[in-house]
Number of protein chains: 2
Amino acid sequence: MRHEERSPTLQDVAARAGVSVSTVSRVVTGSVAVEAGTAERVREAIAALEYRPNLLARSFRRRVTHTIGLLVPDTSNPFFAELARTIEDAGFAEGYSVILGNSDLSPVKQETYIDVLLAKRVDGVILASSGLIPRADGHDAVERILEAGVPCVVVDRDLGEMPVDQVLVDNERGGYLAGEHLLGLGHRRIACLVGPNDLTPSAGRIAGLRRALAEAGVAVAEEHLVRGNGRPDGGAAAARTLLGHGLDVTAIFAFNDQMATGAVGALQRAGCRVPEDVSVVGFDDIPLAAAIYPALTTVAQPIAEMGALGVRLLLDRIARRDAPWRRELLETRLVVRESTGPVTRREAEIEVARGSCEE
Amino acid sequence: MRHEERSPTLQDVAARAGVSVSTVSRVVTGSVAVEAGTAERVREAIAALEYRPNLLARSFRRRVTHTIGLLVPDTSNPFFAELARTIEDAGFAEGYSVILGNSDLSPVKQETYIDVLLAKRVDGVILASSGLIPRADGHDAVERILEAGVPCVVVDRDLGEMPVDQVLVDNERGGYLAGEHLLGLGHRRIACLVGPNDLTPSAGRIAGLRRALAEAGVAVAEEHLVRGNGRPDGGAAAARTLLGHGLDVTAIFAFNDQMATGAVGALQRAGCRVPEDVSVVGFDDIPLAAAIYPALTTVAQPIAEMGALGVRLLLDRIARRDAPWRRELLETRLVVRESTGPVTRREAEIEVARGSCEE
DNA sequence: AGCACCCCTGCAAACGTTTGCAGGATGCGG
DNA sequence: CCGCATCCTGCAAACGTTTGCAGGGGTGCT
């Protein structure tokens, strides 16, 4: 550690430039015009001292931190990693830094984080698909934030009529698109690989799938609805479960690309061909989805827009606290790649096929 | 927005409890004993008012923010996402929040970020494999931070004897392990898929590979060293380049799992079997590496330890600024999975094989 | 010359905490 | 009863900025 002195303050600069602190403050912020010569002397002093405004003091005084809090379930999930990335970018572009927190969907961790964020006086909070488990006293995370007078936008979690800004994606339609696609390829027996929770994104996706299937008069059997941990190994495990029951489906719809990837891998490893023996469709469209072979057919989420819009909504709210609540619904899009194809096994064969994929 | 009033302060609590602000402060912080009855009254007032300490004011006064800055190249890269995650976790466990920034390896973005972090008076910053391009005036990012008197630890970038805490991984040995493994399987013609930059991690890996090969009297040809953007599509593009030159290698060593995955996908899509026709080894061991088929053989980095150790070093430095510099070297580990196998094509066949993998 | 402005600058208060210092009360030993 | 230590509490200064207010000097107009 070289310097042990405190960093220079307005005081120091003022002394060196022979002016008052107010004047220095004014040239630093540019809030009020300062005579050219004076300003120049001040700037020299600033440069000489390597003065850096103490944003802590400024924020304290002005009651504005130019910092936002971002709470996501888990940044090692590529979807949230990407979302966080775009939010960070958009925030940075507008002069905001972001304090990032992983909630792991744990109510207590989330509570703790919100306390910290509020105490640190962030200008706003973005809650991503998290923070939504009501507490015993009925105040959920969103209400606590709002009651503290701090702007908040919820991303990727449908809170319905609740008075809060929301940006969400049409999960129902995403599920529907996947169902429709699979149906069009002749699939009738479809497994559904759901995530670790039943938050609204999951609920919407399965509802959409069911609607599509219902229109064709088919249903998803209870034993074809298998739950995974949301990660690749969970997808693989789920696929093995399906295999263990004798694979009596011709298609799998996974609720995210990681599980889909894990499922594809496990299927192939067991000797099943994708898509010849079983088709797989994922959700999210993470970068890796297009890279693997077979490339994943998947329901793409507009992650970048979600992040950018979330930031926009938050900044708008910060600027105008009494504006009407907004609820933005973004579209999903089916991107067809290599992991889905027409059914080749006739319905009748399926029963016979039980166990045929195994080594 | 419900409440428009300012949030309650020590003043308000003091007034309600009929004591002085100092007393309230003392029960809040527990710094000095307070008589039981008084303390109880104060606590009631705090609860009634929903008082929340203004951490901004406290930090300002105490000159400690309990916030650290984390600068990484890009959190959408799974390696950094995971690293950031473990750092966030370790920090949270110790009562620190983290302000996250993506530098994109851009010097100006990085400069800007460091300015912000220093101005916001973070207690320390962790620089991940970034921030290391010297400026015109010779002061690189690390020096600027250190000169400001702010603790700093560098992760995943070897700064040699530079006086700064470093945690790094033995990239050279990682490259060596990969080379050794491939050599043992009979591979002699090996392509190397390097990343978008020549920072020390890349340099170490290729040096290690070269050392292993040199021991067996083989070299990596200039045209077998191809550069990718570090992402899956870059890996795929690189594989296609190799294919275009007639695939005259039997193995590919990619500098991260994403490029490796992209390469594997592109190879398979072109009709090449992995590992029968060409073996592929990656680096990092991201979760998806084990999920795809064939599962990636890869050089695993101890990401969690890197993050945890980085935080440890930083907190130690914050606590004791004059402690000797530490430079921790972590080990890599080869994990052999399915994407590598013995060469099946004899050397002589390779020339004939040119183009054989293509459709 | 007087007056009204405008431009620039300094003074001082304020933001919400923490903390050194001192004072009042209490208890205890001599 | 005195001296002294201990415990609890309040006072007020300080942290580094911002900003309302006021004052001084200049300019232009009447």
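Thresholds, definitions, all that
- Residues numbered from 1 in each chain as written.
- Chains lettered and ligands numbered in written order.
- Predicted model: local features only at pLDDT ≥ 70, side-chain atom pairs only at ≥ 80, totals over all residues.
- Heavy atoms only, no water.
- Least-squares fit on C-alpha atoms with pLDDT ≥ 70 in both.
- Contact = heavy atoms within 4.5 Å.
- Core = buried A, V, L, I, M, F, W, Y, C linked by side-chain atoms within 4.5 Å.
- Buried < 20%, exposed > 50% of the residue type's maximum accessible area, 1.4 Å probe, protein only.
- Domains from an automatic or database assignment.
- 1 Å grid on protein atoms, 1.4 Å probe; cavity = no way out; pocket = protein on both sides within 12 Å on 5 of 7 lines; lining within 4 Å.
- Points joined across faces, edges and corners; volume = space filled by probe spheres on them.
- Helix = DSSP H or I, 4+ residues; strand = E, 2+ residues; numbered from the N terminus.
- Nonpolar A, V, L, I, M, F, W, Y, C, P; charged D, E, K, R; others polar.
- Buried area = accessible area lost by both parts, 1.4 Å probe.
- Salt bridge = Lys/Arg side-chain N within 4 Å of Asp/Glu carboxyl O.
- Pairing = 2+ DSSP bridges.

### Let's talk about the relation of the copies chain B and chain A
In step 1: If you rotate chain B by 180° and push it 0.1 Å along the axis, it lands on chain A with an RMSD of 0.1 Å. Both copies are brought into coincidence by an operation consistent with a two-fold rotation axis. Taking C-alpha positions as the reference, the residue of chain B nearest the rotation axis is B:Ile99, at 2.2 Å.
In step 2: In this assembly the copies share their binding face: 100% of the residues contributing to the interface of chain B also contribute to that of chain A.

### So, the nonpolar core
In step 1: A:Ile252, A:Leu267, A:Val280, B:Ile252, B:Leu267 and B:Val280 are the most contacted members of the largest nonpolar core, which has 96 residues in total.
In step 2: Leaving out residues up to four positions away in the same chain, A:Val280 has contacts with A:Ile252, A:Ala260, A:Val264, A:Leu267, A:Val274, A:Leu296, A:Thr297, A:Ser339 and A:Thr340.
In step 3: Of all hydrophobic cores here, the second largest spans 54 residues; its members include A:Phe79, A:Ala128, B:Leu83 and B:Val169.

### Some thoughts on the domain arrangement of chain A
In step 1: Looking at chain A, the domain boundaries give domain 1 (10–53), domain 2 (65–170 + 303–331) and domain 3 (171–300 + 335–358).
In step 2: Here the C-alpha centre of domain 2 of chain A lies 38 Å away from the C-alpha centre of domain 1 of chain A.

### Considerations on empty space enclosed by the protein
In step 1: The tally for this structure, following the rule as stated, stands at 4 cavities of 30 Å³ or more.
In step 2: Computed from the structure, the largest cavity encloses a volume of approximately 250 Å³.
In step 3: Around the largest cavity, the lining comprises 20 residues; the ones closest to its centre are A:Ser76, A:Pro78, B:Ser76, B:Pro78 and B:Leu288.
In step 4: Elements with a minimum of two residues in the lining of the largest cavity: helix H5 (78–93) of chain A together with helix H5 (78–93) of chain B.
In step 5: Of the residues assigned to the lining of the largest cavity, the class counts are 12 nonpolar, 6 polar and 2 charged.
In step 6: Taken together, 16 residues make up the lining of the second largest cavity; nearest its centre are A:Leu56, A:Lys120, B:Leu56, B:Thr67 and B:Lys120.
In step 7: Elements with a minimum of two residues in the lining of the second largest cavity: helix H4 (55–62) of chain A together with helix H4 (55–62) of chain B.

### With respect to the interface of chain B and chain A
In step 1: In this assembly, 66 residues from chain B lie in contact with 66 residues from chain A.
In step 2: When chain B packs against chain A, close to 6,100 Å² is buried across both sides, 59% of that on carbon and sulfur atoms.
In step 3: Summed over the shared surface of chain B and chain A, the result is 10 salt bridges.
In step 4: A:Asp104 is the partner of B:Arg85 in a salt bridge, and the nearest nitrogen-oxygen pair spans 2.3 Å.
In step 5: Secondary-structure elements contributing two or more residues to the side of chain B that touches chain A are H4, H5, strand S2 (97–102), helix H6 (107–119), helix H7 (141–147) and helix H11 (257–269) of chain B.
In step 6: Here the side of chain B that touches chain A gets 7 residues from one element, more than from any other, and that element is H6(B).
In step 7: Residues belonging to the side of chain B that touches chain A are distributed by class as follows: 29 nonpolar, 17 polar and 20 charged.
In step 8: Where strand S2 (residues 97–102) of chain A lies against S2(B), 3 bridges are found, and the strand directions are antiparallel. Note that in S2(B) the partner of A:Leu100 across the bridge is B:Val98.

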